[in-house]
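# Secondary and tertiary structure notes
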Amino acid sequence: MRGALSWPFMRLYMLTLLYFSANSILNVIIPLKGESLGATNTTIGVIMGAYLFTTMFFRPWAGKMIQKYGPIRVLRTILIINGLALILYTFTGLEGYFVARMLQGACTAFFSMALQLGIIDALPEKDRSQGISMYSLCASMPGIIGPLLALGIWQAGDMNSFTAAMIVIAIFTGIVGYSAKMDQQPAEAQPAPGQQGQGSTMFESFGQLFKNPHLFKCSVLMLIASLVFGAVTTFIPLYAAQIEGGNAAIYLMLQAGAVVVARFALRKKIPSDGKWHSAFVMVIMLMLAAAALCVSFSEMGGAFLFYAGAGLMGIAQALLYPTLTTYLSFVLPQLNRNVFIGLFIATADLGVSLGGVIMGPVADIFSYSFMYMLCAILGASMIVFSYERRSKSSLGR
């Protein structure tokens, strides 16, 4: 496994694409189904948020389990559970959706950690950002077709097609996953025999979110950005109906398309040197704030602002996650890196979950437009937060 685009890695990216295909359909079907059953935005937000809230909870343990048993053994186990969760969606209502979201969330914690840590450990340092970008790209690609497919299924009223889609995705993900292979962690990444007890315990590791300045900065940025992403994913299928010329499927396709194009075209521009690039991160957060502002004003400004927000949101989403993850892979202590990266990714999960759970009541009390304006303000505050007077070389290596 020599380069980020070599065949073994391409198989991992293909597995990622298949795994996240189900979510691109569910992210549209669940809000529409909830609304048809009379659920409030708060209820819909809780059901949607249950997925990544559960993922967040399991991330740090996933890092420990993968370090102990290896990514392949963990991967094969969770693919079975994920298949059962997808099938559960096909014959239950909102209560069953809540349970299935939690099951799927637990699986995603182990799946994404197994693949990302495997990619980080197997690639040379100069190729890490490309590998993480390609993984993120393939996780986003289903969002181009999935929303359109979901909207077609919903408008046709043919839930048998939904059942067939979930079953097919579960089967093909299992087949590709069981044939996937990953190199073992390089020897230098493993603790020496005499150092096995020197790593932090799980609960001590949580404290590093506040004690480690690199982890704290990246986690806060990811938390707020993900809250905005989560508010878009959860409520755009409902908000689009209020926009003249607005279409949820087109919005989500444009956003996903922007993610895919930006991650592929700009994958070599993402810093992979272990230094904090303030200007680069500040521009990303500026695009995020501008995107949320466009979505907020689109109720008055119409479809042009609505779809402009989709493009800006996609580019920001494409660049932020691989930039922060790559930076942390250099600056975090090697002995506990897997757990710490798990904590960082957990903040992303928490943010997306909060985007539904917190912003749902805001939309109920005020409006979707006000809620997205609040998202823009939060994004703008992160422009200042991401500034650092001077770039710092990697520490703790």
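Please read all numbers here as calculations on a predicted model, not as lab measurements. (Residues numbered from 1 in each chain as written. Predicted model: local features only at pLDDT ≥ 70, side-chain atom pairs only at ≥ 80, totals over all residues. Heavy atoms only, no water.)

## Points about the overall build of the protein chain
Here is the rule we go by: The secondary structure listing takes helices from DSSP runs of H or I that are at least 4 residues long and strands from runs of E that are at least 2 residues long, numbered from the N terminus. Buried means the residue's accessible area, taken with a 1.4 Å probe over protein chains only, is under 20% of the maximum for its type, while exposed means over 50%, and partly exposed covers the values in between. Contacts are assigned to residue pairs that have any heavy atoms within 4.5 Å of one another.
Across its full length, the protein chain carries 16 helices and zero strands. Considering the protein chain as a whole, with its 397 residues, one finds that 57% of them fall into the buried category. For the protein chain, contacts bridging at least 24 residues in sequence account for 85% of all contacts bridging at least 6.

## Notes on empty space enclosed by the protein
Inclusion rule: Here a cavity means grid points, on a 1 Å grid over the protein atoms only, where a 1.4 Å probe fits yet cannot get out; a pocket means an open set of points with protein on both sides within 12 Å along at least five of seven lines; lining residues are those with an atom within 4 Å of a point. Grid points are joined across faces, edges and corners, and a volume is the space filled by probe spheres set on the points. Each residue is assigned to one of three groups, with Ala, Val, Leu, Ile, Met, Phe, Trp, Tyr, Cys and Pro labelled nonpolar, Asp, Glu, Lys and Arg labelled charged, and all others, Gly among them, labelled polar.
Counted according to the given criterion, the structure contains two cavities of 30 Å³ or more. Roughly 970 Å³ of volume is contained in the largest cavity. Lining of the largest cavity is provided by 40 residues; of these, Phe20, Leu52, Ala139, Ser140 and Gln317 occupy positions nearest its centre. Considering only residue class, the lining of the largest cavity consists of 17 nonpolar, 19 polar and four charged. In this structure, the second largest cavity encloses a volume near 50 Å³.

## With respect to the side chain of Thr325
Filter applied, for reference: Pairs of N or O atoms are called polar contacts if they sit within 3.5 Å, as long as, within protein, a hydrogen donor faces a hydrogen acceptor (for residues adjacent in sequence, only side-chain-to-side-chain pairs).
As for its position among the elements, Thr325 is in helix H13 (residues 303–331). Among the polar contacts listed, one links the side chain of Thr325 to the backbone oxygen of Tyr321, at a separation of 2.8 Å.

## Some thoughts on the environment of Val228
Looking at the element boundaries, Val228 is found in helix H10 (residues 213–239). Along the backbone, Val228 and Leu354 are 126 residues apart, and their C-alpha atoms lie at a distance of 9.0 Å.

## What to know about the packing of aromatic side chains
Let me state the cut-off plainly: Aromatic rings from Phe, Tyr and Trp, with only the six-membered ring used for Trp, were paired whenever their centres fell within 6.5 Å, and each pair was classed as stacked if the ring planes differed by under 30 degrees, edge-to-face if by over 60, and tilted otherwise.
One pass over the structure, following the stated rule, counts 15 aromatic pairs. An angle of 5 degrees between the planes, with centres 3.9 Å apart, marks the rings of Tyr19 and Phe111 as stacked. Of this pair, Tyr19 sits in helix H1 (residues 7–19) while Phe111 sits in helix H5 (residues 94–122); the two residues are 92 residues apart in sequence, bridging distant segments of the chain. Neither residue differs from the other here; Tyr19 and Phe111 are each classed as buried.

## As for the nonpolar core
Where we set the bar: Only buried residues count toward a nonpolar core. Its members are Ala, Val, Leu, Ile, Met, Phe, Trp, Tyr and Cys residues joined through side-chain atoms within 4.5 Å.
Counting 122 residues, the largest nonpolar core has Ile236, Tyr251, Met371 and Tyr372 as its most contacted members. Here the element with the most residues in this core is H10; it accounts for 16 residues. Residues within four places of Ile236 in sequence aside, it is in contact with Ala231, Ala248, Tyr251, Leu252, Val295, Phe306 and Tyr372.

## Considerations on the packing of helix H2 (residues 21–36) against H10
Note the following rule: Between the N-to-C directions of two axes lies an angle of 0 to 180 degrees, each axis being a line fitted to C-alpha atoms and, for a helix, fitted only over the stretch in contact. Put simply, angles under 35 degrees are roughly parallel, angles over 145 are roughly antiparallel, angles from 65 to 115 are roughly perpendicular, and the rest are oblique. With the far helix as reference, a near helix turned anticlockwise by less than a right angle produces a left-handed crossing, and one turned clockwise produces a right-handed crossing.
Between H2 and H10, the least distance of the axes is 9 Å, while the angle of their chain directions is 55 degrees. The pairing of H2 with H10 is recorded here as oblique in orientation. Helix-helix and strand crossings are classified by hand; for H2 and H10 the assignment is right-handed. In this structure, H2 uses Asn27, Val28, Pro31, Leu32 and Glu35 to contact H10, whose residues at the interface are Thr233, Thr234, Pro237 and Leu238. Classifying every residue of the contact of H2 with H10 by side-chain character gives five nonpolar, three polar and one charged.

## Considerations on the environment of Asp273
When you line up the elements, Asp273 lands in the loop between helix H11 (248–265) and helix H12 (278–301). Side-chain polar atoms of Asp273 contact the side chain of His277, separated by 3.1 Å.

## As for a nonpolar patch on the surface
Note the following rule: Only residues whose relative accessible area exceeds 30% and that take part in no salt bridge are eligible for patches, with like-charged residues grouped when within 9 Å of each other and nonpolar side chains (Val, Leu, Ile, Met, Phe, Trp, Tyr) grouped when within 5 Å. Method for areas: the Shrake-Rupley scheme with a 1.4 Å probe, in which residue coverage is limited to the protein chains shown. We define a salt bridge as a side-chain nitrogen of Lys or Arg found within 4 Å of a carboxyl oxygen belonging to Asp or Glu.
Taken together, the side chains of Val46, Ile80, Ile81, Leu84, Phe98, Val99, Met102, Leu103, Tyr178, Val357 and Ile358 make up a nonpolar region of the molecular surface, amounting to roughly 860 Å² of accessible area. Of all the elements in the fold, those that place two or more residues in the nonpolar patch are helix H4 (71–88) and H5. Top contributing element to the nonpolar patch by residue count: H5, with four residues. A relative accessible area of 34% places Val46 in the partly exposed class.

## Some remarks on H1
As a reminder, the rule being used: Given a helix with a known number of residues, its expected span is that number minus one, times 1.5 Å.
In this model H1 runs 18 Å from its N-terminal to its C-terminal C-alpha over 13 residues, within 8% of the 18 Å that 1.5 Å per residue would give. Those residues of H1 that fall on the buried side of the exposure criterion are Phe9, Leu12, Tyr13, Leu15, Thr16, Leu18 and Tyr19.

## Some remarks on the packing of H10 against H12
Here H10 crosses H12 at 25 degrees, and the two axes come no closer than 12 Å. Compared by their axis directions, H10 and H12 come out roughly parallel. The two elements H10 and H12 meet at a crossing, and its hand is left-handed. Every residue of H12 that contacts H10 at Leu221, Ala225, Val228, Phe229, Ile236 and Tyr239 is listed here: Val281, Met285, Leu288, Ala292, Val295, Ser296, Ser298 and Glu299. For the contact of H10 with H12, a count of residues per class yields eleven nonpolar, two polar and one charged.

## A short note on the side chain of Ser353
Mapped onto the secondary structure, Ser353 falls in helix H14 (residues 337–357). If sequence neighbours within four positions are ignored, Ser353 has contacts with Gly49, Leu52 and Phe53.

## Looking at the environment of Leu52
Tracing the sequence through the fold places Leu52 in helix H3 (residues 41–69). Between the C-alpha atom of Leu52 and that of Gly105, which follows or precedes it by 53 residues, the distance is 5.6 Å. Residues contacting Leu52, with those up to four places away along its chain left out, are Asp349, Leu350, Val352 and Ser353.

## Considerations on the confidence of the model for the protein chain
Spelled out, the test is: On a range of 0 to 100, pLDDT expresses the predictor's confidence in each residue.
On average, residues of the protein chain carry a pLDDT of 82, and 89% of them reach 70 or more. Overall, residues 185–199 carries pLDDT values under 50, and its contacts beyond four positions in sequence, including any with other chains, amount to 13 contacts. This model gives residues 391–397 a pLDDT under 50, and the stretch forms 21 contacts once residues within four places in sequence are excluded.

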